[in-house]
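Observations on the model geometry
Now for the letters of each chain:
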Amino acid sequence: MQWVSKMKKSKILLALLLCFVMLYGCADNAESGNSPESASSSVENEESESSVAVSEDSTEAAVNPLNTDRCFYGNDSGTKKTYTGFEPLELADFSYGDSYDPENFSTEMISHSYGYAKDEKPHTISVDYQKLFDEKNYDAVCLDDKTEEKVLYLTFDCGYENGYTSKILDTLKEKEVSAAFFCTLPQMRDNPDIIARMIKEGHIVGNHSVTHPDFSTLSEAQIIEELKGFDDYIRENFGYSSLYFRNPQGKYSERSMRAVNELGFKAVFWSLAYADWDLENQKGAMYAFETVMERIHPGAVILLHAVSPDNANALADIIDASRERGYEFRSLEDM
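Computed from a prediction, not measured in an experiment: that's the story for all the values here.

**Observations regarding the packing of aromatic side chains**
Under the defined criterion, the tally for this structure stands at 13 aromatic pairs. Judged by centre distance (4.9 Å) and plane angle (20°), the rings of Tyr96 and Tyr100 are stacked. Judged by centre distance (6.1 Å) and plane angle (65°), the rings of Tyr274 and Tyr287 are edge-to-face. A residue pair is termed long-range when its members are at least 10 positions apart, and Tyr274 in the loop between β8 (266-268) and α9 (285-295) and Tyr287 in helix α9 qualify at 13 residues.

**Topic: helix α4 (residues 165-175)**
For α4, the set of buried residues is Thr165, Ile168, Leu169, Thr171, Leu172 and Lys175. Looking straight down α4, one finds that the buried residues subtend no more than 160° of arc, so they occupy a single side. Summarising the geometry of α4, the exposed residues directed more than 90 degrees from the buried face are Lys173 and Glu174. Tucked into the core, α4 has its buried residues touching β3 (151-158), β4 (180-183), α5 (185-190), α6 (192-200) and α10 (309-324). Following α4 by one or two positions, Glu176 has its phi on the positive side, about 60°.

**Notes on unusual backbone geometry**
In this structure, His212 is a non-glycine residue whose phi angle is positive, near 60°. By the element assignment, His212 lies in the loop between β5 (204-207) and α7 (220-238). Even without a glycine there, the phi angle at Gln249 is positive, about 65°. Judged by relative accessible area, which is 42%, Gln249 ranks as partly exposed.

**Brief notes about empty space enclosed by the protein**
Picture a little ball the size of a water molecule; that probe, rolled over the atoms, points out where space is still empty. Applying the stated rule across the entire model yields one cavity of 30 Å³ or more. There is about 30 Å³ of room inside the largest cavity. Along its surface, the largest cavity is lined by Leu154, Val292, Ile302, Leu304, Leu315, Ile318, Ile319 and Phe329. The element that contributes the greatest number of residues to the lining of the largest cavity is α10, accounting for three residues.

**Some points on the pattern of salt bridges**
One side chain can pair with another of opposite charge once the charged atoms of both are near each other. The full count for this structure, using the stated rule, is 20 salt bridges. Here Arg255 ties to Glu103 by a salt bridge, and the two come within 3.9 Å at their closest N and O atoms. Taken together, the positions of Arg255 in helix α8 (residues 254-262) and Glu103 in the loop between α2 (36-49) and β1 (110-111) put the pair 152 residues apart, joining distant regions of the chain. Between Asp139 and Lys266 there is a salt bridge, with its nearest N and O atoms 2.8 Å apart. Highlighted residues: Asp139 in the loop between α3 (124-135) and β2 (140-141) and Lys266 in strand β8, separated in sequence by 127 residues. On the basis of relative accessible area, Lys266 is assigned to the partly exposed category, the value being 24%. Here the salt bridges share partners, and the residues they tie into one network are Asp170, Lys173, Arg197 and Glu201.

**So, the nonpolar core**
If you look at the biggest cluster of nonpolar residues, it comprises 66 residues, and the most contacted ones within it are Phe133, Leu154, Phe156, Leu172, Phe181, Val205 and Phe269. Dropping the residues within four chain positions of it, Leu154 is found in contact with Leu172, Val177, Ala179, Ala180, Ile302, Leu304, Leu315, Phe329 and Arg330. In this structure, Tyr100, Ile223, Ile224 and Phe245 belong to the second largest nonpolar core, which totals twelve residues.

**Notes on the pairing of strand β9 (residues 300-305)**
Most of β9 is tucked away, with six of its six residues classed as buried. Here β9 shows a buried face lined by Ala300, Ile302 and Leu304 and a second buried face lined by Val301, Leu303 and His305. Pairing between β3 and β9: six bridges, direction parallel. Within the sheet, the bridge partner assigned to Phe156 lies in β9 and is Leu304.

The rules behind these values
- Residues numbered from 1 in each chain as written.
- Predicted model: local features only at pLDDT ≥ 70, side-chain atom pairs only at ≥ 80, totals over all residues.
- Heavy atoms only, no water.
- Phe/Tyr/Trp six-rings, centres within 6.5 Å; stacked < 30°, edge-to-face > 60°.
- Helix = DSSP H or I, 4+ residues; strand = E, 2+ residues; numbered from the N terminus.
- Buried < 20%, exposed > 50% of the residue type's maximum accessible area, 1.4 Å probe, protein only.
- Arc of directions from axis to C-beta.
- Contact = heavy atoms within 4.5 Å.
- 1 Å grid on protein atoms, 1.4 Å probe; cavity = no way out; pocket = protein on both sides within 12 Å on 5 of 7 lines; lining within 4 Å.
- Points joined across faces, edges and corners; volume = space filled by probe spheres on them.
- Salt bridge = Lys/Arg side-chain N within 4 Å of Asp/Glu carboxyl O.
- Core = buried A, V, L, I, M, F, W, Y, C linked by side-chain atoms within 4.5 Å.
- Pairing = 2+ DSSP bridges.

Structure representation (C-alpha coordinates):
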(Lines give C-alpha, C1' and ligand atoms only; values in the text may rest on other atoms or scores of the structure.)
Protein backbone atom coordinates (compact mmCIF):
# COMPACT_ATOMS: atom_id res chain seq x y z
CA MET A 1 0.00 0.00 0.00
CA GLN A 2 3.01 2.27 0.42
CA TRP A 3 3.52 2.49 -3.35
CA VAL A 4 -0.17 3.57 -3.71
CA SER A 5 0.42 6.35 -1.20
CA LYS A 6 3.52 7.45 -3.13
CA MET A 7 1.54 7.43 -6.36
CA LYS A 8 -1.15 9.66 -4.83
CA LYS A 9 1.53 12.09 -3.69
CA SER A 10 3.04 12.08 -7.18
CA LYS A 11 -0.34 12.84 -8.76
CA ILE A 12 -0.91 15.68 -6.34
CA LEU A 13 2.53 17.16 -7.08
CA LEU A 14 1.91 16.82 -10.85
CA ALA A 15 -1.47 18.53 -10.55
CA LEU A 16 0.08 21.36 -8.53
CA LEU A 17 2.83 21.73 -11.17
CA LEU A 18 0.26 21.90 -14.00
CA CYS A 19 -1.76 24.53 -12.13
CA PHE A 20 1.39 26.59 -11.64
CA VAL A 21 2.28 26.39 -15.33
CA MET A 22 -1.23 27.39 -16.39
CA LEU A 23 -1.36 30.32 -13.97
CA TYR A 24 2.07 31.51 -15.11
CA GLY A 25 1.10 31.20 -18.76
CA CYS A 26 -2.10 33.21 -18.28
CA ALA A 27 -0.22 35.95 -16.46
CA ASP A 28 2.38 36.05 -19.25
CA ASN A 29 -0.31 36.24 -21.92
CA ALA A 30 -2.11 38.98 -20.05
CA GLU A 31 1.07 41.07 -19.91
CA SER A 32 1.96 40.55 -23.56
CA GLY A 33 -1.63 40.84 -24.90
CA ASN A 34 -1.45 37.40 -26.54
CA SER A 35 -4.58 35.82 -25.12
CA PRO A 36 -6.45 33.53 -27.54
CA GLU A 37 -8.88 36.40 -28.18
CA SER A 38 -6.17 38.97 -28.80
CA ALA A 39 -4.18 36.50 -30.90
CA SER A 40 -7.18 36.11 -33.22
CA SER A 41 -7.57 39.89 -33.27
CA SER A 42 -3.89 40.26 -34.10
CA VAL A 43 -4.23 38.01 -37.15
CA GLU A 44 -7.24 40.01 -38.33
CA ASN A 45 -5.36 43.27 -37.80
CA GLU A 46 -2.40 42.03 -39.82
CA GLU A 47 -4.73 41.12 -42.68
CA SER A 48 -6.55 44.45 -42.56
CA GLU A 49 -3.31 46.44 -42.28
CA SER A 50 -2.09 44.84 -45.48
CA SER A 51 -5.24 45.88 -47.32
CA VAL A 52 -6.58 49.09 -45.78
CA ALA A 53 -4.88 52.48 -45.69
CA VAL A 54 -5.83 55.07 -43.06
CA SER A 55 -7.14 58.49 -43.97
CA GLU A 56 -5.03 61.46 -42.89
CA ASP A 57 -8.03 63.17 -41.30
CA SER A 58 -9.35 60.08 -39.56
CA THR A 59 -7.97 57.58 -37.09
CA GLU A 60 -10.39 54.96 -38.35
CA ALA A 61 -9.60 52.54 -41.13
CA ALA A 62 -11.15 53.34 -44.48
CA VAL A 63 -14.51 51.75 -45.14
CA ASN A 64 -13.55 49.53 -48.08
CA PRO A 65 -10.72 46.96 -47.87
CA LEU A 66 -8.69 46.18 -50.96
CA ASN A 67 -9.86 42.59 -51.07
CA THR A 68 -13.32 43.65 -52.22
CA ASP A 69 -14.34 45.22 -55.51
CA ARG A 70 -14.53 48.67 -53.94
CA CYS A 71 -11.68 51.10 -54.30
CA PHE A 72 -12.00 54.28 -52.25
CA TYR A 73 -9.40 54.20 -49.52
CA GLY A 74 -7.32 56.43 -47.30
CA ASN A 75 -4.25 58.34 -48.35
CA ASP A 76 -0.69 57.15 -48.91
CA SER A 77 0.80 55.26 -45.99
CA GLY A 78 4.32 53.99 -46.42
CA THR A 79 4.40 51.24 -49.02
CA LYS A 80 0.63 51.16 -49.43
CA LYS A 81 -0.96 52.38 -52.65
CA THR A 82 -2.55 55.81 -52.74
CA TYR A 83 -6.31 56.16 -53.13
CA THR A 84 -8.58 59.18 -53.12
CA GLY A 85 -9.75 58.93 -49.51
CA PHE A 86 -13.01 60.60 -50.56
CA GLU A 87 -16.34 59.48 -49.19
CA PRO A 88 -18.67 57.77 -51.69
CA LEU A 89 -21.02 60.10 -53.56
CA GLU A 90 -24.75 59.55 -53.72
CA LEU A 91 -25.73 57.78 -56.92
CA ALA A 92 -27.23 60.00 -59.61
CA ASP A 93 -30.63 59.50 -61.20
CA PHE A 94 -30.37 58.65 -64.91
CA SER A 95 -33.60 59.25 -66.79
CA TYR A 96 -34.92 61.01 -69.87
CA GLY A 97 -37.22 63.99 -69.60
CA ASP A 98 -40.80 63.91 -70.82
CA SER A 99 -39.90 66.19 -73.74
CA TYR A 100 -37.27 63.79 -75.09
CA ASP A 101 -38.65 61.84 -78.04
CA PRO A 102 -36.06 59.48 -79.55
CA GLU A 103 -38.28 58.78 -82.58
CA ASN A 104 -37.47 62.27 -83.87
CA PHE A 105 -33.77 61.50 -84.32
CA SER A 106 -31.77 59.49 -86.84
CA THR A 107 -29.97 56.29 -85.85
CA GLU A 108 -27.51 56.53 -88.76
CA MET A 109 -23.96 55.94 -87.55
CA ILE A 110 -21.54 58.88 -87.72
CA SER A 111 -17.81 58.26 -87.25
CA HIS A 112 -16.03 61.36 -86.03
CA SER A 113 -13.43 62.78 -88.40
CA TYR A 114 -11.01 65.64 -87.85
CA GLY A 115 -8.57 65.99 -90.75
CA TYR A 116 -4.85 66.67 -90.47
CA ALA A 117 -4.23 70.20 -89.32
CA LYS A 118 -1.17 72.07 -90.60
CA ASP A 119 0.46 75.51 -90.42
CA GLU A 120 -1.07 75.87 -86.93
CA LYS A 121 -4.59 75.98 -88.33
CA PRO A 122 -7.32 73.40 -87.66
CA HIS A 123 -8.46 71.33 -90.60
CA THR A 124 -11.74 72.44 -92.17
CA ILE A 125 -13.26 69.09 -91.19
CA SER A 126 -12.78 69.90 -87.50
CA VAL A 127 -14.04 73.44 -88.02
CA ASP A 128 -17.15 72.18 -89.82
CA TYR A 129 -17.87 69.51 -87.20
CA GLN A 130 -17.76 72.06 -84.40
CA LYS A 131 -20.11 74.33 -86.37
CA LEU A 132 -22.45 71.36 -86.87
CA PHE A 133 -22.44 70.60 -83.14
CA ASP A 134 -23.35 74.21 -82.40
CA GLU A 135 -26.03 74.41 -85.10
CA LYS A 136 -27.73 71.25 -83.82
CA ASN A 137 -27.41 72.45 -80.22
CA TYR A 138 -25.38 69.42 -79.25
CA ASP A 139 -23.46 69.73 -76.02
CA ALA A 140 -20.32 68.52 -77.79
CA VAL A 141 -16.86 69.80 -78.57
CA CYS A 142 -14.02 68.81 -80.87
CA LEU A 143 -12.38 72.23 -81.14
CA ASP A 144 -12.38 75.37 -79.04
CA ASP A 145 -13.37 77.86 -81.74
CA LYS A 146 -14.64 80.40 -79.22
CA THR A 147 -11.18 81.83 -78.53
CA GLU A 148 -8.30 83.16 -80.57
CA GLU A 149 -5.84 82.38 -77.79
CA LYS A 150 -3.21 79.69 -78.32
CA VAL A 151 -4.75 77.15 -75.98
CA LEU A 152 -4.55 73.34 -76.02
CA TYR A 153 -6.61 70.67 -74.28
CA LEU A 154 -4.80 67.42 -73.63
CA THR A 155 -6.93 64.28 -73.45
CA PHE A 156 -6.14 60.56 -73.26
CA ASP A 157 -8.22 57.49 -74.00
CA CYS A 158 -7.66 54.65 -71.54
CA GLY A 159 -9.40 51.40 -72.33
CA TYR A 160 -6.88 49.26 -70.51
CA GLU A 161 -3.48 49.57 -68.84
CA ASN A 162 -0.13 48.34 -70.15
CA GLY A 163 2.32 50.24 -67.98
CA TYR A 164 2.64 53.73 -69.51
CA THR A 165 -0.02 55.78 -67.72
CA SER A 166 2.10 56.28 -64.60
CA LYS A 167 4.92 57.75 -66.71
CA ILE A 168 2.42 60.06 -68.41
CA LEU A 169 1.14 61.17 -64.99
CA ASP A 170 4.71 61.77 -63.82
CA THR A 171 5.32 64.07 -66.80
CA LEU A 172 2.06 65.95 -66.33
CA LYS A 173 2.87 66.51 -62.67
CA GLU A 174 6.39 67.71 -63.47
CA LYS A 175 5.12 70.07 -66.19
CA GLU A 176 2.06 71.17 -64.18
CA VAL A 177 -0.43 70.28 -66.90
CA SER A 178 -4.00 69.13 -66.28
CA ALA A 179 -5.44 66.55 -68.67
CA ALA A 180 -8.59 64.51 -69.15
CA PHE A 181 -8.46 60.72 -69.08
CA PHE A 182 -11.41 58.91 -70.61
CA CYS A 183 -11.53 55.48 -68.98
CA THR A 184 -13.67 52.38 -69.20
CA LEU A 185 -15.08 50.66 -66.13
CA PRO A 186 -12.75 47.62 -66.40
CA GLN A 187 -9.73 49.91 -66.32
CA MET A 188 -11.05 51.64 -63.19
CA ARG A 189 -11.70 48.30 -61.54
CA ASP A 190 -8.33 46.80 -62.47
CA ASN A 191 -6.15 49.87 -61.79
CA PRO A 192 -7.65 51.73 -58.82
CA ASP A 193 -4.32 53.23 -57.76
CA ILE A 194 -3.84 54.90 -61.17
CA ILE A 195 -7.43 56.21 -61.32
CA ALA A 196 -7.16 57.60 -57.80
CA ARG A 197 -3.88 59.29 -58.68
CA MET A 198 -5.53 61.01 -61.65
CA ILE A 199 -8.24 62.36 -59.38
CA LYS A 200 -5.91 63.40 -56.57
CA GLU A 201 -3.59 65.24 -58.99
CA GLY A 202 -6.41 67.30 -60.45
CA HIS A 203 -7.09 65.56 -63.75
CA ILE A 204 -10.53 64.83 -65.17
CA VAL A 205 -11.54 61.17 -65.26
CA GLY A 206 -14.14 61.11 -68.01
CA ASN A 207 -16.79 58.52 -68.80
CA HIS A 208 -15.76 56.22 -71.67
CA SER A 209 -18.57 53.70 -70.97
CA VAL A 210 -18.63 50.26 -69.37
CA THR A 211 -18.02 47.99 -72.37
CA HIS A 212 -16.75 50.41 -75.09
CA PRO A 213 -19.58 49.82 -77.61
CA ASP A 214 -20.57 51.71 -80.74
CA PHE A 215 -23.19 54.06 -79.23
CA SER A 216 -25.07 54.43 -82.51
CA THR A 217 -26.22 50.81 -82.12
CA LEU A 218 -27.60 51.17 -78.59
CA SER A 219 -31.13 51.67 -77.35
CA GLU A 220 -31.94 54.44 -74.86
CA ALA A 221 -31.96 51.86 -72.04
CA GLN A 222 -28.55 50.51 -73.08
CA ILE A 223 -27.10 54.03 -73.20
CA ILE A 224 -28.22 54.52 -69.62
CA GLU A 225 -26.62 51.21 -68.62
CA GLU A 226 -23.29 52.18 -70.19
CA LEU A 227 -23.16 55.68 -68.70
CA LYS A 228 -24.70 54.92 -65.32
CA GLY A 229 -22.66 51.76 -64.82
CA PHE A 230 -19.46 53.80 -65.09
CA ASP A 231 -20.78 56.72 -63.06
CA ASP A 232 -22.16 54.55 -60.26
CA TYR A 233 -18.85 52.77 -59.91
CA ILE A 234 -16.69 55.90 -59.77
CA ARG A 235 -19.09 57.58 -57.35
CA GLU A 236 -19.23 54.60 -54.99
CA ASN A 237 -15.57 53.64 -55.11
CA PHE A 238 -13.68 56.89 -55.66
CA GLY A 239 -16.04 59.58 -54.36
CA TYR A 240 -15.82 61.31 -57.75
CA SER A 241 -17.88 62.02 -60.85
CA SER A 242 -17.62 64.11 -64.01
CA LEU A 243 -20.03 64.82 -66.85
CA TYR A 244 -17.52 64.57 -69.69
CA PHE A 245 -18.08 61.65 -72.05
CA ARG A 246 -16.12 60.32 -75.01
CA ASN A 247 -17.89 58.10 -77.53
CA PRO A 248 -16.03 54.81 -77.90
CA GLN A 249 -14.43 54.59 -81.34
CA GLY A 250 -15.69 58.13 -81.98
CA LYS A 251 -19.00 56.64 -83.23
CA TYR A 252 -22.44 58.03 -82.53
CA SER A 253 -25.78 58.88 -84.12
CA GLU A 254 -27.98 61.93 -83.80
CA ARG A 255 -30.22 59.85 -81.56
CA SER A 256 -27.41 58.66 -79.27
CA MET A 257 -25.94 62.17 -79.08
CA ARG A 258 -29.31 63.56 -78.01
CA ALA A 259 -29.62 60.81 -75.41
CA VAL A 260 -26.14 61.43 -74.00
CA ASN A 261 -26.87 65.17 -73.75
CA GLU A 262 -30.31 64.53 -72.24
CA LEU A 263 -28.59 62.58 -69.45
CA GLY A 264 -26.41 65.60 -68.69
CA PHE A 265 -23.14 64.66 -70.40
CA LYS A 266 -20.93 66.76 -72.65
CA ALA A 267 -19.48 64.75 -75.55
CA VAL A 268 -15.77 65.39 -76.08
CA PHE A 269 -14.24 64.57 -79.47
CA TRP A 270 -10.91 65.85 -80.87
CA SER A 271 -9.26 67.90 -83.62
CA LEU A 272 -5.77 66.40 -83.36
CA ALA A 273 -4.86 62.73 -83.21
CA TYR A 274 -2.89 60.02 -84.96
CA ALA A 275 -2.78 56.21 -85.02
CA ASP A 276 -0.96 55.93 -81.72
CA TRP A 277 -3.28 53.18 -80.48
CA ASP A 278 -1.75 50.59 -82.84
CA LEU A 279 0.81 48.85 -80.63
CA GLU A 280 2.01 46.78 -83.59
CA ASN A 281 3.03 49.97 -85.38
CA GLN A 282 4.81 52.17 -82.85
CA LYS A 283 7.40 54.34 -84.60
CA GLY A 284 9.33 55.91 -81.75
CA ALA A 285 9.11 59.03 -79.60
CA MET A 286 10.49 61.30 -82.32
CA TYR A 287 7.72 60.29 -84.71
CA ALA A 288 5.08 60.97 -82.03
CA PHE A 289 6.65 64.35 -81.26
CA GLU A 290 6.89 65.46 -84.89
CA THR A 291 3.37 64.26 -85.76
CA VAL A 292 1.74 66.15 -82.89
CA MET A 293 3.79 69.29 -83.43
CA GLU A 294 3.03 69.33 -87.18
CA ARG A 295 -0.71 69.27 -86.42
CA ILE A 296 -0.87 71.59 -83.43
CA HIS A 297 -3.27 74.55 -83.65
CA PRO A 298 -5.08 77.02 -81.36
CA GLY A 299 -8.07 75.48 -79.61
CA ALA A 300 -6.94 71.93 -80.36
CA VAL A 301 -8.48 69.10 -78.38
CA ILE A 302 -5.63 66.59 -78.55
CA LEU A 303 -6.39 62.88 -78.36
CA LEU A 304 -3.57 60.55 -77.34
CA HIS A 305 -3.77 56.95 -76.16
CA ALA A 306 -2.15 56.11 -72.84
CA VAL A 307 -1.14 52.64 -74.06
CA SER A 308 1.43 54.11 -76.48
CA PRO A 309 5.09 54.04 -75.36
CA ASP A 310 5.80 56.67 -78.03
CA ASN A 311 3.37 59.10 -76.38
CA ALA A 312 4.75 58.43 -72.91
CA ASN A 313 8.31 59.08 -74.09
CA ALA A 314 7.49 62.14 -76.22
CA LEU A 315 5.02 63.91 -73.93
CA ALA A 316 7.51 66.09 -72.05
CA ASP A 317 9.02 67.37 -75.30
CA ILE A 318 5.57 68.01 -76.78
CA ILE A 319 4.62 70.13 -73.78
CA ASP A 320 7.90 72.06 -73.79
CA ALA A 321 7.87 72.70 -77.55
CA SER A 322 4.22 73.80 -77.46
CA ARG A 323 4.95 76.29 -74.71
CA GLU A 324 7.93 77.60 -76.66
CA ARG A 325 5.51 78.37 -79.49
CA GLY A 326 3.34 80.35 -77.08
CA TYR A 327 0.69 77.72 -76.33
CA GLU A 328 -0.99 77.23 -72.95
CA PHE A 329 -2.43 73.92 -71.74
CA ARG A 330 -5.84 74.18 -70.13
CA SER A 331 -8.39 71.85 -68.58
CA LEU A 332 -11.66 71.09 -70.35
CA GLU A 333 -13.29 72.80 -67.39
CA ASP A 334 -11.73 76.10 -68.55
CA MET A 335 -13.37 75.89 -71.97
